[in-house]
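Survey of secondary and tertiary structure
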Amino acid sequence: MQKLRRVRVFFFGDSICFGQGVSPHKTWVTRISDALSRAFKDKAEIVVQNPSINGNTTRMALERIAYDVQAHRPEVLIVQFGMNDCNVWETDKGCPRVSPETFAANLSEIIDRSRTFGASQVIVGANHSTTRTVTKLPNADCVYEDANRHYNAIVREVANSKGAQLADLERVFDDSVEAGKHHLADLLLPDELHLSESGHDLYFAHYLPLVESAVTAVIEERSGSVLRGG
């Protein structure tokens, strides 16, 4: 098979994609980049970029999507937001940083825009479970994990309505804990939210086949276009 020029794979998210608190070479995104390069070395040049920023919400993501995603026209986009959107700061008077309705609209727009600019394969992640289950959010009636699960339900709804591939890390973590394979606290850093090295292992194991399948689909789409003379 003739080697294709390149397939661009972009990760667009917050600290969960960035890998806060873990050495870069141990993060799930970096490990996927390495695995893709090796898996497709005879089929395509895989270019992986990770314009993810700690603390970002979907509102902030839309402000920078024009350059960080659209200008580069990735064929595969992995979207992972929500853990900042659902959070409540002391100064928010009980309001989440991004309301549920706005979060759904923002996530939908990110998917729509990425497709307009060439992403034929979009994977959207529902975030993992946390152990922030005791202290209520400032001036709110729920704990952080309740808000996280609420926003994960929105991610599922948007992914389904937009025909995007869902990576349901909440269920992956819950299933692993229920099966006795892990303790949830061991998958997280001491802040009870960000991923430990073991948490990155679980993300890597779940995401890799999804991303490999997406890259394969792009290669097949291009091969079909060549055969059709497109």
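Here, every reference points to the structure presented above.
Residues numbered from 1 in each chain as written. Predicted model: local features only at pLDDT ≥ 70, side-chain atom pairs only at ≥ 80, totals over all residues. Heavy atoms only, no water.

**A few points about the overall build of the protein**
Broken down by element type, the protein carries seven helices and five strands. Ordered by position in the sequence, the α and β elements of the protein form the string β-α-α-β-α-β-α-β-α-β-α-α. In terms of C-alpha radius of gyration, the protein reaches 18 Å, essentially the compact-globule figure of 17 Å for 230 residues. The C-alpha extent of the protein, read off along each of the three principal axes, is 60 × 35 × 25 Å. Out of the 230 residues belonging to the protein, those deemed buried represent 51%. Contacts in the protein between residues far apart in sequence, at least 24 positions, make up 77% of those at least 6 positions apart. (Helix = DSSP H or I, 4+ residues; strand = E, 2+ residues; numbered from the N terminus. Rg over C-alpha atoms; globule rule 2.2 N^0.38 Å. Buried < 20%, exposed > 50% of the residue type's maximum accessible area, 1.4 Å probe, protein only. Contact = heavy atoms within 4.5 Å.)

**Brief notes about the nonpolar core**
The biggest cluster of nonpolar side chains holds 68 residues, and the ones touching the most others in it are Val 9, Trp 28, Leu 36, Tyr 207 and Val 215. With eleven residues, helix H7 (residues 197–227) is the largest single contributor of residues to this core. Not counting residues up to four positions away in its chain, the partners in contact with Val 215 are Val 7, Val 9, Leu 36, Phe 40, Ile 46 and Val 76. (Core = buried A, V, L, I, M, F, W, Y, C linked by side-chain atoms within 4.5 Å.)

**Re the packing of aromatic side chains**
Under the counting rule described, the total for this entry stands at seven aromatic pairs. With 4.5 Å between their ring centres and 20° between their planes, Trp 28 and Tyr 207 make a pair best called stacked. Highlighted residues: Trp 28 in helix H2 (residues 28–39) and Tyr 207 in helix H7, separated in sequence by 179 residues. Of the two residues examined, Trp 28 and Tyr 207, each falls in the buried class. Taken together, Phe 11, Trp 28, Phe 173, Tyr 203 and Tyr 207 form an aromatic cluster joined through their ring pairs. Of note, Arg 31 hangs over the ring of Phe 204, and the distance from its end group to the ring centre comes to 4.3 Å. One cation-aromatic arrangement involves Arg 132 over Tyr 144; the distance from NZ or CZ to the ring centre is 5.5 Å. (Phe/Tyr/Trp six-rings, centres within 6.5 Å; stacked < 30°, edge-to-face > 60°. Lys NZ or Arg CZ within 6 Å of the ring centre and 35° of its normal.)

**Digging into the pairing of strand E3 (residues 76–80)**
In summary, the side chains of a regular strand alternate between the two faces of the sheet. Across the five residues that make up E3, a large majority, five, are buried. Both E3 and strand E4 (residues 121–126) contribute to a ladder of four bridges, which runs parallel. Bridge pairing links Leu 77 to Val 122 in E4. Crossover handedness for the path E3 to helix H4 (residues 100–116) to E4: right-handed. (Pairing = 2+ DSSP bridges. Right-handed = clockwise from strand over helix to strand, strands pointing away.)

**Remarks on H4**
Think of an α-helix as 3.6 residues a turn; residues three or four steps apart then line up on the same face. Helix length check: H4 (17 residues) gives 24 Å between terminal C-alpha atoms against 24 Å at 1.5 Å per residue, within 8%. Looking only at H4, the buried set comprises Phe 103, Asn 106, Leu 107, Ser 108, Ile 110, Ile 111 and Ser 114. Within two residues after H4, Gly 118 carries a phi angle of roughly 110°, on the positive side. (Expected span 1.5 Å × (residues − 1).)

**Side note on the side chain of Thr 58**
Along the chain, Thr 58 turns up in helix H3 (residues 58–68). Residue Thr 58 is classed as buried on the basis of its relative accessible area, which comes to 0%. At 3.1 Å, the side chain of Thr 58 forms a polar contact with the side chain of Asn 106. If near-sequence neighbours (up to four positions away) are discounted, Thr 58 is found in contact with Phe 81, Asp 85, Val 98, Phe 103, Asn 106 and Ile 110. (Polar contact = N/O pair within 3.5 Å; in protein donor to acceptor, adjacent residues only side chain to side chain.)

Shape is all these values report; function is a separate question.
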